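# Remarks on the overall topology
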Amino acid sequence: MKNIIFIAPPAAGKGTQSDLLKQKYSVVHISTGDLLRNEVASNSEIGNHVQKLMNDGLLVDDEIVFKLLEQRLVKQDCDDGYILDGFPRDLEQAKAYDEISSRLHRKIDCAIFLNISKEDAMKRITGRISCPKCGAVYNEYFDTFTKLGLCNRCSTKLEKRSDDNEEIFNHRFDTYLIKTQPVIDYYRDKGILHVVDSGGSKEYTFCQIESIIGGEVK
Ligand code: AMP
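Description of the structure in this document. (Residues numbered from 1 in each chain as written. Predicted model: local features only at pLDDT ≥ 70, side-chain atom pairs only at ≥ 80, totals over all residues. Heavy atoms only, no water.)

So, on to the overall build of the chain. Helix and strand counts for the chain come out as eight helices and seven strands. On C-alpha atoms alone, the chain measures out to a radius of gyration of 17 Å, which is about the 17 Å that the 2.2 N^0.38 rule sets for 218 residues. Projected onto its principal axes, the C-alpha coordinates of the chain cover approximately 45 × 40 × 35 Å. In the chain, buried positions account for 48% of the 218 residues. Of all intrachain contacts in the chain linking residues separated by at least 6 positions in sequence, the fraction that spans at least 24 positions is 72%. In the form shown here, the chain has an accessible surface area of approximately 11,200 Å², with 50% of it arising from carbon and sulfur atoms. (Helix = DSSP H or I, 4+ residues; strand = E, 2+ residues; numbered from the N terminus. Rg over C-alpha atoms; globule rule 2.2 N^0.38 Å. Buried < 20%, exposed > 50% of the residue type's maximum accessible area, 1.4 Å probe, protein only. Contact = heavy atoms within 4.5 Å. Areas by Shrake-Rupley, 256 points an atom, 1.4 Å probe, with all protein chains shown as cover.)

Take a look at the structure:
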């Protein structure tokens, strides 16, 4: 498989779609949000700093994000391709990644933009719960559960993210509009951008993604 990035506003389904790809094709999934949440969970000094920014819906300093990302990208399992989710968040990160990609031989082959309206994304955010162990993402209003409050896959207690509320969502969406949207044009100009309608069911979104990467997965 090739190296793919997902670009999307919050709650567009990056995590859900990455998880579906991981389940079906065993691809490596790298989420900068998850890398940062792991840092927060470690209770380090950096983790405490990161938590404050994440709780306010602000972007974390590039220095921290790049350090964690590079540590992950050098691992051998990335040699066969990976999905990068939540990165790049702005044009500076996109350009800086180009430098990393030539140094680490981790070139991006395909950028998938998950397009969703703010209204549809807002509807999803309030019900989102996820599994801290296996990464499965659910919506407490739309999904059915074998045991209430537990992950259908691994029975771990499901958690709500502290930044999944209406006020922080508005902030994160505005940050996306200002900072992340120029990244879409950046990859369009490189000729590797694909646009997917992510406002419908997760199955429909997945179907569109599979048709884009169909030739790339093993
Ligand atoms: P996500 O899990 O992608 O929704 O990201 C959750 C939060 O992590 C964001 O609101 C940011 O605070 C932070 N974050 C994730 N990825 C990045 C990134 N590439 N650059 C800066 N901050 C990030």
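Let's pick the thread back up.
This brings us to the side chain of Ser101. With respect to the helices and strands, the residue Ser101 is situated in helix α5 (residues 91–104). Of the polar contacts made by the side chain of Ser101, one reaches the backbone oxygen of Asp98; its length is 3.0 Å. Ser101 has contacts with Arg106 and Lys107, leaving out every residue within four places of it along the chain. (Polar contact = N/O pair within 3.5 Å; in protein donor to acceptor, adjacent residues only side chain to side chain.)

For any two aromatic rings, the description comes down to two numbers: the centre-to-centre distance and the angle of the planes. Counted under the stated rule, the structure contains six aromatic pairs. For the ring pair Phe173 and Tyr176, a centre distance of 5.5 Å and an interplane angle of 65° mean the geometry is edge-to-face. With a gap of three residues between them, Phe173 and Tyr176 both fall in helix α7 (residues 166–190), about one helical turn apart. The exposure class of Phe173 is buried, given its relative accessible area of 5%. Grouping aromatic residues by their ring pairs yields a cluster made of Phe66, Phe87 and Tyr97. (Phe/Tyr/Trp six-rings, centres within 6.5 Å; stacked < 30°, edge-to-face > 60°.)

With that settled, consider the pairing of strand β1 (residues 4–7). Neither face of β1 is exposed, since Ile4 and Phe6 on one face and Ile5 and Ile7 on the opposite face are all buried. Alignment of β1 against strand β3 (residues 82–85), held across three bridges, turns out to be parallel. Within the sheet, the bridge partner assigned to Ile5 lies in β3 and is Leu84. Here four bridges tie β1 to strand β4 (residues 110–115), and the two strands are oriented parallel to one another. Bridging from a neighbouring strand, Ile4 pairs with Cys110 of β4. (Pairing = 2+ DSSP bridges.)

Not every one of the 17 residues close to the ligand is listed here, only the nearest: Lys14, Thr32, Arg37, Leu58 and Gln93. At 2.8 Å, a side-chain N or O of Thr32 approaches a nitrogen atom of the ligand. Residue Leu58 places a main-chain N or O atom 2.5 Å away from an oxygen atom belonging to the ligand. Surface burial for the ligand is 97%, taken as the share of its 480 Å² of free accessible area covered by protein chains. With four residues, helix α2 (residues 32–41) is the largest single contributor of residues to the shell around the ligand. Its residues assigned to classes, the shell around the ligand comprises seven nonpolar, four polar and six charged. (Near = heavy atom within 4 Å. Nonpolar A, V, L, I, M, F, W, Y, C, P; charged D, E, K, R; others polar.)

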